[in-house]
Amino acid sequence: MQETSLTRQDEKALKALIDWWAEAGLELDAPIVRARPGLAPAPATPAKPRAIAEPPRAATAAAARAAGFGSTPKAGPGALEAAAKADTLDALKAVISEFEGCALKRTARNTVFARGHAEARIMVVGEAPGRDEDEQGKPFVGRTGQLLDRMFAAIGLGEDDLYISNIVNWRPPGNRNPTQEEIAICLPLIERHIALKAPEILVVAGGVSAQSLLRSQTGITRLRGQWADYKLRDASGKETGQTVPCLPIFHPSFLLRQPASKRQAWADMQALESRLKDS
Ligand code: URA
């Protein structure tokens, strides 16, 4: 077999891919590419999945409805007006850092705005910062974020290919879910954020994000993997008539708790990869 020489970056991407495949329950049949010592062997093409586990039972539509997600949110006090003042991402960052309308800010250490590349084709929206994100002031930098990064690395996308934010910009105390009220308050901020970023594709991670942004009461188990149209809004909060293709995926923190669902998450990443190739 001809030996393939890999750069450090290739090795990193390859390792992320192998890790993700392994986590997604794929068993790799034969080593195709020989890597430097210390790296696991890599296949040229994904092997067929063998160990398939049960689909998830959590995150049902009933649970989502009980939590009130997807119900028509009441406008947050002042968030819409504050967000409307921003015409650039930098201006929005400043507006959100100064925004006092969400009580979560009082217990948080930092405002968590975004990470990644402002020109990236893909914008990912999660739920709310956790402890690590609160400490560093950046979204998805803890264990959950590492899994998110690996999921995208597995289809060849790195930090520069993504722009990442959350529905809520402050950590809910004790990492609880943000309440409906907190989501409603922050929704105009993330909707302005999406409008200013104007991504080519929006990926919404988890039920809170998918249901809030798509105004849906359907559970993430049914929403995931189904392309939807995210409706862009103008500075007054009205729909502009323009849409962005939106892919709901399982939240990586759910995948950490329910590794069997990584098989479906992998299918969703492949759907994203094909969409990117086609557009
Ligand atoms: N979970 C999220 O939804 N967002 C983060 O930034 C971190 C964990």
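First things first, this report covers the structure right here in the doc. On a predicted model such as this, the values are computed, not experimentally measured, just so you know.

Reading the values: the criteria
Residues numbered from 1 in each chain as written. Predicted model: local features only at pLDDT ≥ 70, side-chain atom pairs only at ≥ 80, totals over all residues. Heavy atoms only, no water. Salt bridge = Lys/Arg side-chain N within 4 Å of Asp/Glu carboxyl O. Buried < 20%, exposed > 50% of the residue type's maximum accessible area, 1.4 Å probe, protein only. Helix = DSSP H or I, 4+ residues; strand = E, 2+ residues; numbered from the N terminus. Axes fitted to C-alpha atoms, helices over the stretch in contact; angles between N-to-C directions. Parallel < 35°, antiparallel > 145°, perpendicular 65-115°, else oblique. Contact = heavy atoms within 4.5 Å. Nonpolar A, V, L, I, M, F, W, Y, C, P; charged D, E, K, R; others polar. Near = heavy atom within 4 Å. Polar contact = N/O pair within 3.5 Å; in protein donor to acceptor, adjacent residues only side chain to side chain.

1. Quick word on the pattern of salt bridges
Following the criterion strictly, the structure yields 12 salt bridges and no others. We note a salt bridge from Arg176 to Glu182, for which the minimum N-O separation is 2.8 Å. Residue Arg176 is classed as partly exposed on the basis of its relative accessible area, which comes to 34%. Through salt bridges that share partners, Glu191, Arg215, Arg233 and Glu239 make up one connected network.

2. Here we look at the environment of Ser261
As for its placement among the helices and strands, Ser261 is situated in the loop between α11 (252-257) and α12 (262-278). Overall, the relative accessible area of 1% leaves Ser261 in the buried class. In this structure, the C-alpha to C-alpha distance between Ser261 and Phe250, residues 11 residues apart in sequence, is 8.2 Å.

3. Remarks on the packing of helix α8 (residues 180-197) against helix α9 (residues 207-214)
Two numbers describe how α8 lies on α9: the axes approach to 11 Å, and their chain directions differ by 75 degrees. The angle between α8 and α9 falls in the class roughly perpendicular. Between α8, through Ile183, Leu187, Ile190, Glu191 and Ile194, and α9, the contact on the second element is made entirely by Val208, Ser212 and Leu213. Residues of the contact of α8 with α9, tallied by class, amount to 6 nonpolar, 1 polar and 1 charged.

4. Here we look at the site of the ligand
The environment of the ligand is formed by Gly126, Glu127, Ala128, Pro129, Glu133, Pro139, Phe140, Asn166 and His251. The separation between a nitrogen atom of the ligand and a polar side-chain atom of Asn166 is 2.8 Å. In the shell around the ligand, the residues fall into 4 nonpolar, 3 polar and 2 charged.

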